[in-house]
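Residue-level listing of the chains:
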Amino acid sequence: MKKLLINSVLYGFLLIPVVLWLVWFVKPAHKANIIIVDKSALTVDGVKHRAFNWILTHRKYKKPDGKFYSISSDYLGFFPLADEQYEIKDFSMFSDLQLDSLAKETDMIFFADTYGVYKQEWYKRDFGAEENSKKLYGGLDSSDVTFIKKMIERRKLVMAQFNFFATPTSGAIRAEAENLLNLRWSGWSGRYYGQLDTLENPELPKWIVSLYKKQHKNNWPFTKSGIVFIHSNETIEILEQETDLVYEVPVVKSFDYTISKYSVAHEVNYSNWFDIVLSSNTGNRVLSYYEIQTNARGDSILQSQNIPKIFPAAFENEENNYYYFCGDFMDSPTYDTPNRISGIQYFKLFVLNEDDKSDKSPFFWKYTLPLTSKILSNHLRN
């Protein structure tokens, strides 16, 4: 009897994934014409838009032809080819009339990344500092802004995230995009690093170390975790845990409105790139905000550069149907998680390791996934 009970429980656990797959399978699919823009897709896996594709498949959004969106082909931007070749497909291929037609038949556009690709990144060779920093492709251009405007005029869904406003987009194009969305980039971007000791973390970008030492008497005193702040004019400041911070990682906190409407966590650690963006229009509702928790020394450093301790993390504009995420929210590790199992997110919540401040998973499962899922369901019903 005991053995039978044990076997029944065991088989029950083994059947759970099958049952949840069947639940996912029988759920109705939604057809939506979605354009994804990723100008930094260095691999065919589309790193920057992979998590968004995961969400589309998990929530059963399909292309108008009934097929699921492909990570490697269903986007605009940089397309890697064999033997260091590449192809560019973007809005610059279209005339204004063609953009009109495209906007009419498109339900949503998502700008996953506009940073682009640089020479050294692509060719993996050392060309020297000046050549390495040359852009192969990237940044917003006038055709991007034109298409966004046409989408907004038709009240179509527009969603974008970091690095939408920042380098390498030109000042003139940035101003156009800012005026269109009534948002203003402060010029500051930042990121949390779990280890700032260059001996312990060889993957810490060398340009950060070089830039900081250049501006701080050739000194690099950091041995713990911390937050790097970089301005578009190359000013750099770093806050270190204990020395400047009472809590090492930025925290994203959400208002009651956001928690109720989008089912996101009240607060969650955020360990990726962010930008400090402010609104110039009351129509842009702040859904959530970053909080940097500093001590007196950290306060002094931030005040010296006019960097706020609290600033927006996500905006919603209901009138014009656009959303801006002030961070690289879709850069999340979804590689090993099956997306065709209904309710998989509830199982993930039980196994999250929130002690590891560098782990991006908790933010995806507790914030990015529920927020994006609700935005899609609210705007792409059919």
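Conventions used here
- Residues numbered from 1 in each chain as written.
- Predicted model: local features only at pLDDT ≥ 70, side-chain atom pairs only at ≥ 80, totals over all residues.
- Heavy atoms only, no water.
- Helix = DSSP H or I, 4+ residues; strand = E, 2+ residues; numbered from the N terminus.
- Salt bridge = Lys/Arg side-chain N within 4 Å of Asp/Glu carboxyl O.
- Buried < 20%, exposed > 50% of the residue type's maximum accessible area, 1.4 Å probe, protein only.
- Core = buried A, V, L, I, M, F, W, Y, C linked by side-chain atoms within 4.5 Å.
- pLDDT = per-residue confidence, 0-100.
- Contact = heavy atoms within 4.5 Å.
- Phe/Tyr/Trp six-rings, centres within 6.5 Å; stacked < 30°, edge-to-face > 60°.
- Lys NZ or Arg CZ within 6 Å of the ring centre and 35° of its normal.
- Axes fitted to C-alpha atoms, helices over the stretch in contact; angles between N-to-C directions.
- Parallel < 35°, antiparallel > 145°, perpendicular 65-115°, else oblique.
- Nonpolar A, V, L, I, M, F, W, Y, C, P; charged D, E, K, R; others polar.

(A) Seen up close, unusual backbone geometry. For the bond from Phe162 to Asn163, the omega torsion is 15°, close enough to zero to count as cis. For Asn163, the position within the fold is in the loop between strand 9 (157–161) and helix 7 (171–181). Residue Pro168 follows Thr167 across a cis peptide bond; omega there is 15°. Relative to the elements of secondary structure, Pro168 occurs in the loop between strand 9 and helix 7. The backbone phi angle of Arg155 is positive, close to 55°, even though this residue is not glycine. In this structure, Glu234 takes a positive phi of about 80° despite not being glycine. Counting through the fold element by element, Glu234 comes out in the loop between strand 11 (226–231) and strand 12 (236–240).

(B) A look at the pattern of salt bridges. Under the criterion given, the structure shown has 18 salt bridges. Between Lys48 and Asp113 there is a salt bridge whose closest N-O contact spans 3.9 Å. Linking Lys48 in helix 2 (residues 47–58) with Asp113 in strand 6 (residues 108–113), this pair joins segments that are 65 residues apart in sequence. We note that Lys48, like Asp113, is buried. One salt bridge connects Lys261 with Glu316, and the closest N-O pair in it is separated by 3.0 Å. Taken as a pair, Lys261 in helix 9 (residues 256–262) and Glu316 in strand 17 (residues 310–317) lie far apart in primary sequence, 55 residues in all. We classify Glu316 as buried; its relative accessible area is 1%. The network of salt bridges with common partners includes Lys48, Asp113, Asp328, Asp331 and Lys360.

(C) Examining the environment of Ser260 more closely. Here Ser260 shows up in helix 9. Classification of Ser260 as exposed rests on a relative accessible area of 60%. Expressed as a C-alpha distance, the spacing of Ser260 and Thr368, which sit 108 residues apart in the sequence, is 15 Å.

(D) Highlighting the nonpolar core. Counting residues in hydrophobic clusters, the biggest one holds 103 residues, and the most contacted among them are Phe91, Phe164, Phe229 and Tyr324. Top contributing element to this core by residue count: helix 12 (residues 361–379), with 8 residues. If you look at the next biggest cluster of nonpolar residues, it comprises 5 residues, including Phe78, Val117, Trp122 and Tyr137.

(E) Spotlight on the confidence of the model for the protein chain. In this model, the protein chain carries a mean pLDDT of 91, and residues with pLDDT of at least 70 account for 94%. Across residues 7–13 the pLDDT falls below 50, and counting only partners more than four positions away or on other chains, this stretch makes 0 contacts in the model.

(F) Representation of the packing of aromatic side chains within the structure. Taken as a whole, this structure holds 32 aromatic pairs when the rule is applied. A centroid spacing of 5.4 Å and a plane angle of 70° characterise the contact between Phe111 and Phe164, whose relative ring orientation is edge-to-face. With a gap of 53 residues between them, Phe111 in strand 6 and Phe164 in the loop between strand 9 and helix 7 connect regions that are remote in the sequence. Each member of the pair, Phe111 together with Phe164, is buried. Judged by centre distance (5.0 Å) and plane angle (85°), the ring pair of Phe364 and Trp365 falls under edge-to-face. Neither residue differs from the other here; Phe364 and Trp365 are each classed as buried. Every member of this aromatic cluster is reached through a ring pair, and the members are Phe229, Tyr270, Phe274, Tyr290, Phe311, Phe325, Phe329, Phe363 and Tyr367. Over the aromatic face of Trp24 sits the side chain of Lys60, whose NZ or CZ is 4.6 Å from the ring centroid. Here the basic side chain of Lys89 rests over the ring of Phe79, its NZ or CZ set 4.8 Å away from the ring centre.

(G) Broad picture of the packing of helix 11 (residues 344–351) against helix 12. With their axes 9 Å apart at the nearest point, helix 11 and helix 12 run at an angle of 155° to one another. By the angle between their directions, the pair helix 11 and helix 12 is classed as roughly antiparallel. Residues Gln345, Lys348 and Leu349 of helix 11 form the contact with helix 12, whose participating residues are Trp365, Lys366 and Leu369. The class makeup of the residues in the contact of helix 11 with helix 12 is 3 nonpolar, 1 polar and 2 charged.

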